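Fold and contact review
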Amino acid sequence: MIKNEGILLESGTNELEVVEFSVGDNRFGINVIKVKEILNPAPVTQIPHSHSSVEGIIEIRGDVVPVVDMASALGFAPSDHPHQDKFILAEFNQTKIVFHVHTVTQIHRISWEDIEKPGRMYHGLEKQITGIIKKDDEMLLLLDFEKVVADITPETSIHKEQMKVLEKRERSHKKILIAEDSALLRGLLQETLKEAGYVHTFLFENGKEAYAHLLKQVENGKNILDEYQLIITDIEMPRMDGHHFTKLIKQHEELQVLPVVIFSSLITADLKHKGEKVGADAQISKPEIVGLIRTIDNVIQ
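Residues numbered from 1 in each chain as written. Predicted model: local features only at pLDDT ≥ 70, side-chain atom pairs only at ≥ 80, totals over all residues. Heavy atoms only, no water.

Brief notes about the overall build of the chain
Rules: Runs of E in the DSSP output that reach at least two residues are strands. Runs of H or I that reach at least four are helices, and both are numbered from the N terminus. For every residue, the accessible area (1.4 Å probe, protein chains only) is compared with the maximum for its type, and the residue is labelled buried under 20%, exposed over 50%, or partly exposed between those bounds. A contact between two residues is defined here by any heavy atoms of the two lying within 4.5 Å.
The secondary structure content of the chain amounts to eight helices and 16 strands. Looking at the 301 residues of the chain, the share that counts as buried comes to 52%. Here the contacts in the chain between residues at least 6 apart in sequence split such that 67% fall between residues at least 24 apart.

Thoughts on the packing of aromatic side chains
What counts here: Ring pairs shown here join Phe, Tyr and Trp side chains whose ring centres sit within 6.5 Å, with only the six-membered ring taken for Trp; geometry is labelled stacked below 30 degrees between planes, edge-to-face above 60, and tilted in between.
The full count for this structure, using the stated rule, is six aromatic pairs. Seen in terms of ring centroids, F202 and Y228 are 5.5 Å apart; in terms of plane orientation they differ by 80°. Their pairing is edge-to-face. Here F202, found in strand β13 (residues 198-204), pairs with Y228, found in the loop between α5 (224-227) and β14 (230-233); they are 26 residues apart in sequence, far enough to count as distant. An aromatic cluster is defined as three or more aromatic residues linked by ring pairs; in this entry it consists of F21, F28, F76, F92, F99 and F145.

Quick notes on the packing of helix α3 (residues 183-195) against helix α8 (residues 289-299)
Basically, it comes down to this: Axis lines are fitted through C-alpha atoms, for helices just across the contact stretch, and the angle between N-to-C directions can take any value from 0 to 180 degrees. Convention used here: angles under 35 degrees read as roughly parallel, angles over 145 as roughly antiparallel, angles from 65 to 115 as roughly perpendicular, and any remaining angle as oblique. Take the far helix as the reference: if the near one is turned anticlockwise from it by less than a right angle, the crossing is left-handed, and if turned clockwise, right-handed. Charged means Asp, Glu, Lys or Arg here, nonpolar means Ala, Val, Leu, Ile, Met, Phe, Trp, Tyr, Cys or Pro, and polar covers whatever is left, Gly included.
With their axes 11 Å apart at the nearest point, α3 and α8 run at an angle of 55° to one another. Judged on the interaxial angle alone, α8 and α3 are oblique. In this structure, the crossing between α3 and α8 has a hand that is right-handed. From α3, L189, T192 and L193 reach across to α8, where they touch I289, L292, I293 and I296. Among the residues making up the contact of α3 with α8, the classes are represented as six nonpolar, one polar and no charged.

What about the nonpolar core?
Under the convention used in this document: Residues belong to a common nonpolar core when they are buried Ala, Val, Leu, Ile, Met, Phe, Trp, Tyr or Cys residues joined through side-chain atoms within 4.5 Å.
Formed by 34 residues in total, the largest nonpolar core has its most connected members in F21, I30, M70, F92, F99, L143 and F145. In terms of residues, this core owes the most to one element, helix α2 (residues 145-152), which gives four residues. Formed by 19 residues, the second largest nonpolar core is a distinct cluster that contains L166, V261, A282 and I293.

Some points on the packing of helix α4 (residues 207-219) against helix α6 (residues 242-251)
Following both chains from N to C, one finds α4 and α6 inclined at 15°, their axes separated by 9 Å at the closest point. Overall, the two elements α4 and α6 adopt an arrangement that is roughly parallel. In terms of crossing hand, the pair formed by α4 and α6 is right-handed. Contacts between α4 and α6 involve G207, A210, Y211 and L214 from the former and F245, L248 and I249 from the latter.

Some thoughts on the sheet that holds strand β16 (residues 282-285)
How we decide: Pairs of strands are assigned from DSSP output, requiring at least two bridges between the strands.
With parallel pairing, the five strands of this open sheet are ordered in space as β13-β12-β14-β15-β16. Edge positions in the open sheet fall to β13 and β16, since each of these has one partner strand only. Put simply, the sheet's adjacent strands are angled 25° from each other on average, direction ignored. Of the pairings in the sheet, the one linking β14 to strand β15 (residues 260-264) comprises three bridges and is parallel in character. Pairing of T233 across the sheet is with I262, part of β15. Across the face of the sheet, α4 comes into contact with β12 (172-179), β13 and β14 while running at roughly 130° to β12.

Digging into the pairing of strand β4 (residues 35-39)
Among the five residues of β4, four are classified as buried, and the element is accordingly described as predominantly covered. As judged from the four bridges shared by β4 and strand β7 (residues 86-92), these two strands associate in the antiparallel manner. Looking at β7, one finds that L39 is bridged to F87.

Regarding the sheet that holds strand β9 (residues 103-111)
Strand pairing in a sheet takes place through backbone hydrogen bonds and is either antiparallel or parallel in direction. Reading across from one edge, β9-β2-β3-β11-β10 is the order of the five strands in this open sheet, with mixed pairing throughout. Every other strand in the sheet has two partners, leaving β9 and β10 (129-135) as the edge strands with one partner each. Pairs of neighbouring strands in the sheet enclose a mean axial angle of 35°, with direction left out of account. Examined bridge by bridge, strand β2 (residues 15-23) and strand β3 (residues 26-31) share six bridges and lie antiparallel to one another. The partner of E20 across the bridge, within β3, is G29.

In structure tokens, the structure reads:
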């Protein structure tokens, strides 16, 4: 059993640690800050009429946690050596979940700058991959675990129906910049913010592109608060993550006036201090879209 006792990386370094695991002959990675423990497989209680990729549930120190068979979820064959399999207990989106994988090998420390965005050549898997790491003449694929879970339980994703609890909205002329690497989530955020009256949103795939754009506005002599009134950023993004993006903004003499809201699946009690350290004005956990809207309302009145 391996426990994640704490994150060694400083906030805003644009680095991450990745736990490498395999499913069949395929090498994948998960951000270590999502990992609570790595366990040997335990007996699983099956749930009637559950999703085909859900093996069932197990109890881990008082918590009842679902178990997802990653081979099934990714369309691969079952393990050839099930006695060697591993359970990865993860936590994100304020939820604990176990991913059943075939092996867990090592931890890599890398820069987000070295992570490439996947293209369409990864037939069928490109929508489940957030990045590609080239290691030892092979490729390590960073999986989009949020999408894996959302495909199994769609109710855990962002939906416009969540907006019904909000009061009647008026159209706002405030302009919001969004840095989010998931095309699906960029679209959902833009659609949902429009529903909330924020119709002027400007989308970027990662912090590096967004920061370069902000610098260009300043270099062109523009008052940045005339261009944007708020930044929303994810944390996990190839090229530049949200913590480093926030840190650069808050250290820049002219950009630091911009309010930055981190909207990420990694906002937990154990990790919130990382966003605070780089100067984030607010942090909201996905998929709490109503909380995000209320925060925006308060920040850019």
